[in-house]
Each structure stands twice: as C-alpha cells, then as structure tokens.
Amino acid sequence: MEQAIIIAASVIAAGLIGAGASIGAGSGDGAVTSKFLECVARQPEQASNFQVHMFISVGLIESIPIISSV
C-alpha cells in the first residue's frame, strides 16, 4: 500500500514537472519569436543574422522540457 502511494505521487510529480517545463518553454519561445519579429521590422537587412540567433535560442529553450521529460 505504501509503495503504491509513492509510485502514484512520483507519477503525479513527473507530470507536473513536464507540464511546467512545457508551459515555460512555450512562453519563452513566444517571447524570443516576438523580439525577433521586432528586430526584423526595425532592421530588415540584418534578418538572416537575427534568424540564426533566434533558432539557437529556441533550440536551447526547447531542450528544457526534453531534459525534464527524460
């Protein structure tokens, strides 16, 4: 009985951690993308440079929920 409670609590905790990481990554991706669009609107000639940095940032942000899931 005690072991079942521990397992159930562990599963619930893992779900909450994954959900929190996913929500955080989603809001982080939205913030990075909106800043990217603002930069491109101000300096269109630098769009390719900004795009590289945006993809690197989004990749790093997306690694957090993947790591927390594993």
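This structure is a prediction, so every number in the text was calculated from the model and none was measured.

**Q** Any details on the overall build of the protein? Residues and values, ideally.
**A** Looking only at helices and strands, the protein features two helices and zero strands. The principal-axis extent of the C-alpha atoms belonging to the protein is close to 65 × 15 × 5 Å. Put simply, the protein has 70 residues, and 13% of those count as buried. As presented, the protein carries roughly 5,200 Å² of accessible surface, and 71% of it is formed by carbon and sulfur atoms.

**Q** Give me the pattern of salt bridges: which residues, what numbers.
**A** Counting across every chain of the model gives one salt bridge. Across the pair Glu38 and Lys35 runs a salt bridge, and its minimum N-O distance is 3.8 Å. Taken together, the residues Glu38 and Lys35, both in helix α1 (residues 2-42) and three residues apart, mark about one turn of the helix.

**Q** Go over a nonpolar patch on the surface with me, naming the residues and quoting the values.
**A** On the surface, Val52, Ile56 and Leu60 cluster together to form a nonpolar patch covering roughly 290 Å² of accessible area. Within the fold, Ile56 resides in helix α2 (residues 47-69).

**Q** A description of α1 should follow, citing residues and the corresponding values.
**A** Helix length check: α1, at 41 residues, gives a terminal C-alpha distance of 60 Å against a target of 60 Å (1.5 Å per residue), a fit within 8%. Turning to α1, its buried residues are Gly18, Ala21, Ala25, Gly28, Asp29 and Phe36. Contacts made by the buried residues of α1 are with α2.

**Q** Quick one: what's the story with the environment of Gln51, residue by residue and with numbers?
**A** Locating Gln51 in the fold gives a position in helix α2. Among the residues examined, Gln51 registers a relative accessible area of 35% and is labelled partly exposed. Separated by 12 residues in sequence, Gln51 and Cys39 have C-alpha atoms that sit 9.8 Å apart.

Conventions we followed
- Residues numbered from 1 in each chain as written.
- Predicted model: local features only at pLDDT ≥ 70, side-chain atom pairs only at ≥ 80, totals over all residues.
- Heavy atoms only, no water.
- Helix = DSSP H or I, 4+ residues; strand = E, 2+ residues; numbered from the N terminus.
- Buried < 20%, exposed > 50% of the residue type's maximum accessible area, 1.4 Å probe, protein only.
- Areas by Shrake-Rupley, 256 points an atom, 1.4 Å probe, with all protein chains shown as cover.
- Salt bridge = Lys/Arg side-chain N within 4 Å of Asp/Glu carboxyl O.
- Patch = residues over 30% accessible without salt bridge, like charges linked within 9 Å, V, L, I, M, F, W, Y side chains within 5 Å.
- Expected span 1.5 Å × (residues − 1).
- Contact = heavy atoms within 4.5 Å.

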